[in-house]
Amino acid sequence: MSQPRYRQLADILRGEIVSGRYPVGSQLPPEFELCQLYDVSRHTARDALRLLFEAGLVERRRGVGTTVIRDHSAPAFVQPLGGTQALMQYARDARLQIRTAGLRRLEPQEAIRIGLNEQAADAWLVASGLRRNDGKPVALSQIYIAPAYAEIAPKLRDWDGAIQQLIARDFGVVVHRIEQEISAVNLTAEQARFLKAEKGGAALHTLRRYFDADGRLMLASDSTHPASRFVYAMTYHRES
């Protein structure tokens, strides 16, 4: 199966950075020039540059352009800290390979962790699995989906994207607020086994809660990433 066009273009540009055609400190062609050079759409060019940014190879600044800052990829999966689009892109680039999925009552500690009453009576759809990027495991995730959307269960294994997008498509309900908690943890023996990592090794734990327009919890994700394979990235600019 061939790669999407934007990934092909990103690989071409990555090769040209490594070869020295675009050395560190130089500018990549703007989007409209990439469209002409490689006969691609503006959307394809933009997504290719985004992949280079997430790989830590370039920096993008409004009014300046795309600057090469490194000639080799960072060793970890890089996710920009941003809005909902960044989180949805993470779900596409680090796709969840589901191991188990089914309806069940939540344990009290689970309910409390995701922000529910510990006596929550309804069964939630719970999906567990491994997120991979380029075939490599980057996170162990457990997704909690509200009972109102449990009908999406048969579609989860084949869905190539964020689960909130599947809910929006099938139910017309979109995410209006996301809460995220990030903490440092150590891998348990079971987590290390699934992630092919060292037991007790450093890891990054993320808990995200997704709410609808009325403040109801739609879903929550509980993920653990080995520290050496995952980086959150944020760029700050001086305010005038």
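The present account deals with the structure reproduced in this document.

Definitions and cut-offs
Residues numbered from 1 in each chain as written. Predicted model: local features only at pLDDT ≥ 70, side-chain atom pairs only at ≥ 80, totals over all residues. Heavy atoms only, no water. Phe/Tyr/Trp six-rings, centres within 6.5 Å; stacked < 30°, edge-to-face > 60°. Helix = DSSP H or I, 4+ residues; strand = E, 2+ residues; numbered from the N terminus. Lys NZ or Arg CZ within 6 Å of the ring centre and 35° of its normal. Pairing = 2+ DSSP bridges. Axes fitted to C-alpha atoms, helices over the stretch in contact; angles between N-to-C directions. Contact = heavy atoms within 4.5 Å. Buried < 20%, exposed > 50% of the residue type's maximum accessible area, 1.4 Å probe, protein only. Polar contact = N/O pair within 3.5 Å; in protein donor to acceptor, adjacent residues only side chain to side chain. Salt bridge = Lys/Arg side-chain N within 4 Å of Asp/Glu carboxyl O.

### Some words on the packing of aromatic side chains
Right, so step 1: Counted by the stated rule, this structure contains 1 aromatic pair.
Right, so step 2: With a centroid separation of 5.1 Å and an interplanar angle of 70°, the aromatic rings of Y149 and F171 are classed as edge-to-face. One end of the pair, Y149, is in the loop between strand 6 (136-145) and helix 6 (163-171); the other, F171, is in helix 6, with 22 residues separating them in the sequence.
Right, so step 3: Lying across the ring of F211, R177 places its NZ or CZ 4.0 Å from the centre.
Right, so step 4: The ring of F194 has R193 lying over it, and the distance from NZ or CZ to the ring centre is 4.6 Å.

### Let's talk about the sheet that holds strand 4 (residues 95-104)
Right, so step 1: Read from one edge to the other, the open sheet built from 6 strands follows the order 4-5-6-9-8-7, with strand pairing classed as antiparallel. The open sheet has two edge strands with one neighbour each: strand 4 and strand 7 (177-186). Direction aside, the axes of adjacent strands within the sheet are offset by 15° on average.
Right, so step 2: Bridging between strand 7 and strand 8 (residues 202-211) involves 10 bridges; their strand directions are antiparallel. Residue I178 lies in a different strand from strand 8, and its bridge partner there is Y210.
Right, so step 3: Of the strands in this sheet, strand 6, strand 8 and strand 9 (217-226) touch helix 6, which is tilted by about 160° from strand 9.

### Some thoughts on the environment of R104
Right, so step 1: Position of R104 relative to the elements: it lies in strand 4.
Right, so step 2: By relative accessible area, R104 is classed as partly exposed at 30%.
Right, so step 3: The spacing of R104 and A123 is 19 residues in sequence and 4.6 Å in space, taken between C-alpha atoms.
Right, so step 4: If we skip the residues at most four places from it in the chain, R104 touches E110, A123, W124, V126, Q142 and Y144.
Right, so step 5: In terms of polar contacts, R104 uses its side chain to reach the side chain of E110, at 2.8 Å.

### Focus: the pattern of salt bridges
Right, so step 1: Within the structure shown, the criterion is met by 15 salt bridges.
Right, so step 2: As a salt-bridge pair, R60 and E31 come within 2.9 Å of each other at their nearest N and O atoms. Taken as a pair, R60 in strand 1 (residues 58-61) and E31 in helix 2 (residues 31-38) lie far apart in primary sequence, 29 residues in all.
Right, so step 3: Of the charged contacts, one joins R216 and D214 as a salt bridge, the two residues approaching to 3.1 Å between their closest N and O atoms.
Right, so step 4: The exposure class assigned to D214 is exposed, which follows from its relative accessible area of 58%.
Right, so step 5: Through salt bridges that share partners, E31, R42, R46 and R60 make up one connected network.

These values are about where atoms sit, not about what they do.
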